[in-house]
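# Structure assessment
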Amino acid sequence: MKSFLGKRAIASAISLIGLIILVFFLSRLTGDPTNLYLPVDASQESRDRFREIHGLNDPLIVQFFHYMSDLVQFDFGMSIRRAEPALDAVLRAFVWTLQLAIITMTLVTGSAIVLGSLAAYHVGGFFDRIATFCSLIGASAPDFWIAIVAIVVFSVHLGWVPTSGTGTVLHWILPIGVLFIRPFGLIVQVVRGSMITALSSAYVKTARAKGVRNRPIIFVHALRNAMLPVITVIGDQAASLLNGAVVVETIFGFPGVGKLMIDSILQRDFAVVMAAIFVTAVAIFVMNILIDILYAVLDPRIRY
């Protein structure tokens with residue numbers, strides 16, 4: 001197990017380095033920040049001074065080596081737009097995204113596992129058909145459309161919740177609600193399919209023959225053996241939230257890392273873009289390793 005985790009860590013580090021190289025050069029294709037931050041009639045001397053201050057006057061390959069040497073010391077540079085260390089701005093935004101992801105995935109995981117398990121137990125029945133229909137709609141609905149409709153209905157017409165911001169608990173309802181729908185539909189479908197297979201297994205039939213009640217059969221005997229594919233999907237959906245729910249954060253004005261990344265790309269704030277990519281990638285790599293460990297906990301065969 002330790003050898004496997006070591007190999008995964010090395011592979012993640014190699015992927016991270018490749019990602020940093022790719023993003024560094026692609027971000028520079030968006031244009032020169034000098035043209036964005038200085039007036040059109042700024043003198044050439046002012047432009048040269050601006051580039052020198054922010055390290056933009058060197059050739060691109062030289063800028064890259066300077067950036068990598070600073071990165072080894074965990075120096076991500078200064079934000080041009082915010083005049084503060086880029087890593088500070090990213091970590092402040094990532095805390096918001098992390099809270100949003102944890103709350104959403106906790107609600108999604110608990111409700112989807114229960115609903116999918118019950119649907120599998122009553123396969124072909126009325127409850128199963130309703131659950132399948134609703135989950136398919138949820139898995140297919142685009143986030144941006146749901147977000148806009150939710151604002152129009154619940155904020156504009158009914159006035160129940162604010163349209164954007166993070167001031168109170170009410171500000172969290174629409175972002176969490178919109179992010180809840182799609183992963184909930186996907187996970188319900190996976191839980192249902194995996195549980196149908198598990199409930200038809202020989203050990204479940206033996207448990208029924210011994211008179212074991214339905215609840216232990218569903219949520220103890222069958223569920224644990226059906227969880228491996230479910231955990232894979234949960235990890236994938238959680239990674240998409242850690243990557244920054246860009247659409248939802250932008251629509252609701254949520255100060256998460258997804259919105260920060262989009263704003264920084266538009267503002268050509270390269271230091272913040274690189275720091276956001278680095279922090280997000282590390283978080284996703286760590287989460288994937290934790291999922292591998294969870295596989296081994298649920299199924300001891302995986303340890304070998």
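Residues numbered from 1 in each chain as written. Predicted model: local features only at pLDDT ≥ 70, side-chain atom pairs only at ≥ 80, totals over all residues. Heavy atoms only, no water.

## Notes on the packing of helix 6 (residues 126–140) against helix 8 (residues 170–199)
Two elements in contact, helix 6 and helix 8, have axes whose closest approach is 7 Å; the angle formed by their N-to-C orientations is 135 degrees. Accordingly, the angle class assigned to the pair helix 6 and helix 8 is oblique. As helix 6 runs across helix 8, the sense of the crossing is left-handed. Contacts between helix 6 and helix 8 involve Asp128, Ala131, Thr132, Ser135, Leu136, Gly138, Ala139 and Ser140 on the former and, on the latter, Ile181, Arg182, Gly185, Leu186, Val188, Gln189 and Arg192. For the contact of helix 6 with helix 8, a count of residues per class yields six nonpolar, six polar and three charged. (Axes fitted to C-alpha atoms, helices over the stretch in contact; angles between N-to-C directions. Helix = DSSP H or I, 4+ residues; strand = E, 2+ residues; numbered from the N terminus. Parallel < 35°, antiparallel > 145°, perpendicular 65-115°, else oblique. Left-handed = near helix turned anticlockwise from the far one by under 90°. Contact = heavy atoms within 4.5 Å. Nonpolar A, V, L, I, M, F, W, Y, C, P; charged D, E, K, R; others polar.)

## Focus on the environment of Arg182
Tracing the chain through its elements places Arg182 in helix 8. Residue classification places Arg182 among the partly exposed residues on the basis of a relative accessible area of 34%. Those residues within four positions of Arg182 in sequence are excluded, and the remaining contacts are Gly138, Ala139, Ser140, Ala141 and Asp143. (Buried < 20%, exposed > 50% of the residue type's maximum accessible area, 1.4 Å probe, protein only.)

## Notes on unusual backbone geometry
With a phi angle near 60 degrees, Phe74 is a residue other than glycine that sits in the positive phi range. On the secondary structure map, Phe74 appears in the loop between helix 4 (60–72) and helix 5 (86–121). Located in the positive-phi region is Arg268, a residue other than glycine, with phi close to 55 degrees. Of note, Arg268 is situated in the loop between helix 12 (257–266) and helix 13 (270–298).

## As for a nonpolar patch on the surface
Among the surface-exposed residues, Phe144, Trp145, Ile148, Val149, Val152, Val153, Phe154, Leu158, Trp160 and Val247 lie close enough to one another that they form a single nonpolar patch of about 920 Å² accessible area. With respect to the helices and strands, Val149 occurs in helix 7 (residues 143–157). (Patch = residues over 30% accessible without salt bridge, like charges linked within 9 Å, V, L, I, M, F, W, Y side chains within 5 Å. Areas by Shrake-Rupley, 256 points an atom, 1.4 Å probe, with all protein chains shown as cover. Salt bridge = Lys/Arg side-chain N within 4 Å of Asp/Glu carboxyl O.)

## Side note on the packing of helix 5 against helix 8
At a minimum axis separation of 6 Å, helix 5 and helix 8 run at an interaxial angle of 35 degrees. The chirality of how helix 5 crosses helix 8 is right-handed. A breakdown of the residues in the contact of helix 5 with helix 8 according to their chemical character gives 25 nonpolar, five polar and one charged.

## Regarding the domain arrangement of the protein
Each assigned domain of the protein is listed with its residue range as follows: domain 1 (2–72) and domain 2 (86–298). In this complex, domain 1 contributes 21 residues to the contact, which on the side of domain 2 involves 18 residues. At the boundary of domain 1 with domain 2, total buried surface from both sides reaches about 1,700 Å², with 74% on carbon and sulfur atoms. When the buried surface of domain 1 facing domain 2 is broken down by residue, Arg8, Leu16 and Thr30 rank first, second and third, together holding 25% of it. Where domain 1 touches domain 2, the interface holds zero salt bridges. Connecting domain 1 to domain 2 are zero residue pairs in polar contact (both at pLDDT 80 or more). Counting residues per element, the ones that place at least two in the side of domain 1 that touches domain 2 are helix 1 (2–28) and helix 2 (33–37). (Domains from an automatic or database assignment. Buried area = accessible area lost by both parts, 1.4 Å probe. Polar contact = N/O pair within 3.5 Å; in protein donor to acceptor, adjacent residues only side chain to side chain.)

## Section: the side chain of Gln267
Assignment of secondary structure puts Gln267 in the loop between helix 12 and helix 13. Setting aside residues up to four positions removed in sequence, Gln267 forms contacts with Leu36, Tyr37, Arg81 and Arg82.

## Regarding the environment of Gln63
Position of Gln63 among the secondary structure elements: in helix 4. Assessed through its relative accessible area of 10%, Gln63 is described here as buried. Excluding residues that lie within four positions of it along the chain, Gln63 makes contacts with Phe24, Arg28, Gly55, Leu56 and Asp58.

## Quick look at the nonpolar core
Within the largest apolar cluster, 75 residues are counted, with the highest numbers of intra-cluster contacts made by Val90, Ile187 and Met195. Looking at this core element by element, the count peaks at 15 residues for helix 13. In this structure, this core is formed jointly by two domains, domain 1 (2–72) and domain 2 (86–298), each of which donates at least three residues. Excluding residues that lie within four positions of it along the chain, Val90 makes contacts with Val257, Leu260, Val272, Ala275, Ala276 and Val279. Core analysis: the next-biggest nonpolar cluster, separate from the first, contains five residues, Leu38, Ala42, Leu56 and Ile80 among them. (Core = buried A, V, L, I, M, F, W, Y, C linked by side-chain atoms within 4.5 Å.)

## A word on the environment of Ile61
Along the polypeptide, Ile61 turns up in helix 4. Between the alpha carbons of Ile61 and Phe25 there is a distance of 9.1 Å; along the sequence they are 36 residues apart.

## Structural notes on the packing of aromatic side chains
Evaluated as defined, the whole model comprises 11 aromatic pairs. When the ring of Trp96 is compared with that of Phe254, the centres are 5.9 Å apart and the planes differ by 90 degrees; the resulting orientation is edge-to-face. Residue Trp96 is found in helix 5, and its partner Phe254 is found in the loop between helix 11 (246–251) and helix 12; the two are separated by 158 residues along the sequence. Taking the relative accessible area as the measure of exposure, Trp96 reaches 25% and is therefore partly exposed. Aromatic side chains Phe180 and Phe184 sit 5.0 Å apart centroid to centroid with 20 degrees between the ring planes, which places their arrangement in the stacked category. Of the two residues, Phe180 and Phe184 are both situated in helix 8; the distance of four residues between them amounts to about one turn of the helix. In this structure Phe180 comes out as partly exposed when scored by relative accessible area, which is 21%. (Phe/Tyr/Trp six-rings, centres within 6.5 Å; stacked < 30°, edge-to-face > 60°.)

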